[in-house]
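# An overview of the molecular structure
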Amino acid sequence: MDLKMWKSDTVTIKVDYDKCQGHGDCADACPSEVYELSDGKTVPVNIDECVECCTCVETCPEGAIDHSACG
Ligand code: SF4
Ligand code: SF4
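Residues numbered from 1 in each chain as written. Chains lettered and ligands numbered in written order. Predicted model: local features only at pLDDT ≥ 70, side-chain atom pairs only at ≥ 80, totals over all residues. Heavy atoms only, no water.

### Concerning the site of ligand 1
- Residues in close proximity to ligand 1 include Cys-20, Gln-21, Gly-22, His-23, Gly-24, Asp-25, Cys-26, Thr-42, Cys-60, Pro-61, Glu-62 and Ile-65, which together make up its full environment.
- More than half of the atoms belonging to ligand 1 lie within 2 Å of the grid points that define the largest cavity.
- Here the shell around ligand 1 is built from residues that sort into five nonpolar, five polar and two charged. (Near = heavy atom within 4 Å. 1 Å grid on protein atoms, 1.4 Å probe; cavity = no way out; pocket = protein on both sides within 12 Å on 5 of 7 lines; lining within 4 Å. Sits in = over half its atoms within 2 Å of the grid points. Nonpolar A, V, L, I, M, F, W, Y, C, P; charged D, E, K, R; others polar.)

### Regarding the nonpolar core
- One finds Ile-13, Val-15, Tyr-35 and Ile-65 to be the most contacted residues of the largest nonpolar core, which totals 16 residues.
- In this structure, Val-15 is in contact with Asp-2, Leu-3, Lys-4, Trp-6, Cys-20, Thr-42, Ala-64 and Ile-65, ignoring residues within four places of it in sequence. (Core = buried A, V, L, I, M, F, W, Y, C linked by side-chain atoms within 4.5 Å. Buried < 20%, exposed > 50% of the residue type's maximum accessible area, 1.4 Å probe, protein only. Contact = heavy atoms within 4.5 Å.)

### Comments concerning the state of the cysteines
- In total, this model carries one disulfide according to the counting rule given.
- Bridging Cys-54 to Cys-70, the disulfide has an S-S length of 2.0 Å. Here the S-S torsion is close to -95°, and the disulfide linking Cys-54 with Cys-70 is therefore left-handed. A residue pair is termed long-range when its members are at least 10 positions apart, and Cys-54 in the loop between strand E4 (41-43) and helix H2 (55-59) and Cys-70 in the segment after strand E5 (65-67) qualify at 16 residues. Take Cys-54 and Cys-70: they sit in the same class, and that class is buried. (Disulfide = S-S within 2.5 Å. Helix = DSSP H or I, 4+ residues; strand = E, 2+ residues; numbered from the N terminus.)

Bear in mind that shape data such as this cannot, by itself, settle questions of function.
What follows is the structure in structure tokens.
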């Protein structure tokens, strides 16, 4: 496991970079354009814009995303 972590005032997003394949489903699905791809991995660069909808967690086919608002 290669767990990366980002925090805003309200949420924490963790992505396991061992699982992330960088195909960008999360970036395409997020309604707030939170994610960008960098070097083949997803990065929640706009985490402050997160509306806690959990779409990214549900969309990732690798189960790579852990979100504090999404059980
Ligand atoms: S959908 Fe999952 S595997 Fe694909 S880029 Fe996003 S976090 Fe990585
Ligand atoms: S929970 Fe929703 S708004 Fe927040 S990063 Fe995931 S898809 Fe985007």
